[in-house]
Every structure is written in C-alpha cells, then in structure tokens.
Amino acid sequence: MNKLIIAIDGLAATGKSTQAKRLSKAFGFIYVDTGAMYRAVTLFGFNQFPKGSVDLSLLNDSLDQILIHFEEVEGKQQTFLNGKNVTKAIRAAEVNKWVSQVASQEVVRTFLTKQQQLMGADRGVVMDGRDIGTVVFPDAQCKFFLTATPEVRAKRRYQEQLEAGLSGTFDEVLNNVKTRDKQDQTRTIAPLQKAQDAIEIDVSNLSIDEVFEILHTAVLKKHESIHR
Ligand code: DC
C-alpha cells in the first residue's frame, strides 16, 4: 500500500479512534489521535493552574512548555504529556468538560495543527479528529465523516468510562456529548464540519465491523484509482 492520508472526522464518540486504529494496522500506517492532543493540553491546564478550572489566557501563554507524544505500549497506543503517560487521565470528566473550550482557542489550534501536519508529512497516516479533512489535511486522499444519534454515542462513552473505572452518570455523559458537539460545531476557528469531499457515514445502527468494512473498502478503492 502506497502512502495515503486518511482523515476521519465526526461527532464525539462515534468510534472514530477505534476505526482509525484498525485502519492504521490494516494498512501499516501511523495513527494520530488528535482529540488526545487537545485533551492533553487541557490536562496540562489543570495541572498547571489547579483551581478546578483552566485559565485559558495563562494556558495560551504556556504552550511552549507542552510536549505531547504517542508511544506504543504492549500493542496499545498511549499518550504522553511531558514524558508522563496520561492515557487514562485525559479521559476524566473534568477534561471532557473543558476540552471544547480549550480547543476553541486559536493559539492552541495553531500549535497542535502544526504538529499534526508534521506527523503526517511524507508517510501513510490515519488521523482522527474534527478538522482533519477541512484544515489539517485539506488535500487528504481519503476523508470520512462519522455521525450517530447523541444517545448511541453517550452509551458508548459511558461504557468506556465504566470500563476505565472513571466516575460519572449516563445523563452527565449525554449532556457532555451534546454540549461538546454544539461547542465544536459553532466555534469560529476550524469548526466541526464535514469536508465537501468526505464520505458521511451514520454509524447509529452499524456494528464496529460493518463500519470498518465500509471504510476499508473505500480506502482500497481510492488507492486503486490513484495508483492505477
Ligand atoms: O475526539 P475527542 O472526543 O477525544 O476530542 C476531544 C475534544 O477535542 C473535542 O470535544 C473537540 C476537540 N478536538 C478538536 O477541536 N479538533 C480535533 N482535531 C480533535 C479534537
């Protein structure tokens, strides 16, 4: 398989990262979870200014102190913030609550977008997020946009939280999913929206395997059409 950029955008908790990981394994490409990067910056904000909230202007001035990288540990990709494994910490309810506000800051987006573009330069990459097909890689060869009802998505996220031993009720998760969608879709910079040339898939009534099949087939078809 020749190098391709595969962009998977969409609403929160539609299984973007599950699909992105599977595609990256299937094609031998690297996988970049850009949501984890926005979450790591948010967590940095909490750790730096621990008042139960994030001081956005202080955070914006401290971005040069943030180093995010990914590492494979026992076959699973882990997120590191300044050398510390934060894979679990970035899924905490307080990070869920603040991440959209942090992600709406122009300086934060510029800071992370540059890093994401470098990570994907000159290699096969599967990147998932909100603005990959529109802003980070507008020329990506394969673009997907995943949607599902808020209830289906909250059920998934709630299950993930339970399995990770994190606190929170189903209603809290549902409210957070709805609020984040709204914040992500209405922000002025790089709002969550479908790229014109993205394939939209409503995953509400599809299994993980069924969605994977659709994505996998579409990538193979695109690859064939490019390298014919
Ligand atoms: O995919 P996720 O739920 O882990 O993303 C967390 C938040 O980060 C999400 O509410 C919006 C933001 N985000 C973004 O603005 N742009 C991206 N490319 C990825 C995530």
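Residues numbered from 1 in each chain as written. Predicted model: local features only at pLDDT ≥ 70, side-chain atom pairs only at ≥ 80, totals over all residues. Heavy atoms only, no water.

Engineer: Requested: an account of the site of the ligand, with residues and values cited.
Structural biologist: Around the ligand, the surrounding shell holds 17 residues, and the nearest of these are R39, R109, D131, R180 and R187. In the environment of the ligand, an oxygen atom lies 2.8 Å from a nitrogen or oxygen atom belonging to the side chain of R109. At 2.8 Å, a side-chain N or O of R180 approaches an oxygen atom of the ligand. (Near = heavy atom within 4 Å. Polar contact = N/O pair within 3.5 Å; in protein donor to acceptor, adjacent residues only side chain to side chain.)

Engineer: Tell me about the packing of helix α2 (residues 34-48) against helix α4 (residues 93-103), residues and numbers included.
Structural biologist: Two elements in contact, α2 and α4, have axes separated by 9 Å at closest approach and are oriented at 105°. Here α2 is positioned roughly perpendicular relative to α4, judged by the angle of their axes. For the pair formed by α2 and α4, the contact residues are Y38, R39, V41, T42, L43 and F46 on the first element and E94, V95, N96, W98, V99, V102 and A103 on the second. Of the residues assigned to the contact of α2 with α4, the class counts are nine nonpolar, two polar and two charged. (Axes fitted to C-alpha atoms, helices over the stretch in contact; angles between N-to-C directions. Helix = DSSP H or I, 4+ residues; strand = E, 2+ residues; numbered from the N terminus. Parallel < 35°, antiparallel > 145°, perpendicular 65-115°, else oblique. Contact = heavy atoms within 4.5 Å. Nonpolar A, V, L, I, M, F, W, Y, C, P; charged D, E, K, R; others polar.)

Engineer: How would you explain α2 if you had to name every residue and give the values?
Structural biologist: The first and last C-alpha atoms of α2 sit 21 Å apart over 15 residues, in line with the 21 Å expected at 1.5 Å per residue. Counting buried residues in α2 gives twelve out of 15 residues, a clear majority hidden from the surface. Listed as buried for α2 are T34, A36, M37, Y38, R39, A40, V41, T42, L43, F44, G45 and F46. In this structure D33 caps α2, since a side-chain oxygen of it lies 3.1 Å from the backbone nitrogen of G35. (Expected span 1.5 Å × (residues − 1). Buried < 20%, exposed > 50% of the residue type's maximum accessible area, 1.4 Å probe, protein only.)

Engineer: For the pattern of salt bridges, give the residues involved together with the corresponding values.
Structural biologist: According to the stated counting rule, one finds nine salt bridges in the structure shown. Across the pair D181 and R153 runs a salt bridge, and its minimum N-O distance is 2.5 Å. With D181 in helix α8 (residues 170-186) and R153 in helix α7 (residues 150-163), the pair connects residues that are 28 residues apart, well separated along the chain. Residue D181 shares its accessibility class with R153, and that shared class is buried. Between D184 and R187 there is a salt bridge, and its shortest N-O distance comes to 3.5 Å. The buried category is assigned to R187, whose relative accessible area is 8%. Salt bridges linked by common partners bring R130, D184 and R187 together as one network. (Salt bridge = Lys/Arg side-chain N within 4 Å of Asp/Glu carboxyl O.)

Engineer: I'd like to hear about the sheet that holds strand β3 (residues 68-73), residue by residue, with values.
Structural biologist: With antiparallel pairing, three strands are arranged side by side in an open sheet as β3-β4-β5. Edge positions in the open sheet fall to β3 and β5 (84-85), since each of these has one partner strand only. Where strand β4 (residues 76-81) meets β5, two bridges bridge the pair, whose relative direction is antiparallel. Residue pairing for β5: L81 is matched across the bridge by K84. (Pairing = 2+ DSSP bridges.)

Engineer: Requested: an account of the sheet that holds strand β2 (residues 30-33), with residues and values cited.
Structural biologist: A sheet is described by the order of its strands in space; here five strands give the open sequence β2-β6-β1-β7-β8, paired in parallel fashion. In this open sheet, the two edge strands, each paired with only one partner strand, are β2 and β8 (199-202). When strand polarity is set aside, the average angle formed by the axes of neighbouring strands in this sheet is 20°. Both strand β7 (residues 142-147) and β8 contribute to a ladder of four bridges, which runs parallel.

Engineer: For the nonpolar core, give the residues involved together with the corresponding values.
Structural biologist: Membership of the largest hydrophobic core comes to 36 residues, with the highest contact counts inside it found for V41, L59, I66, I68, L112 and M127. Those elements giving two or more residues to this core turn out to be β1 (5-10), α2, β3, α4, α5 (106-120), β6 (125-129) and α6 (132-136). The greatest single-element share of this core, amounting to eight residues, is contributed by α2. Sequence-distant contacts of I66, that is, excluding residues within four places in its chain, are made with V41, F44, L59, L81, N82 and F111. Core analysis: the second largest hydrophobic core is formed by 20 residues, L23, F27, F144 and A148 among them. (Core = buried A, V, L, I, M, F, W, Y, C linked by side-chain atoms within 4.5 Å.)

Engineer: How would you explain the side chain of N60 if you had to name every residue and give the values?
Structural biologist: Here N60 shows up in helix α3 (residues 56-61). Among the polar contacts listed, one links the side chain of N60 to the side chain of Q105, at a separation of 3.0 Å. Excluding its chain neighbours within four sequence positions, the residues that come into contact with N60 are Q105, V107 and V108.

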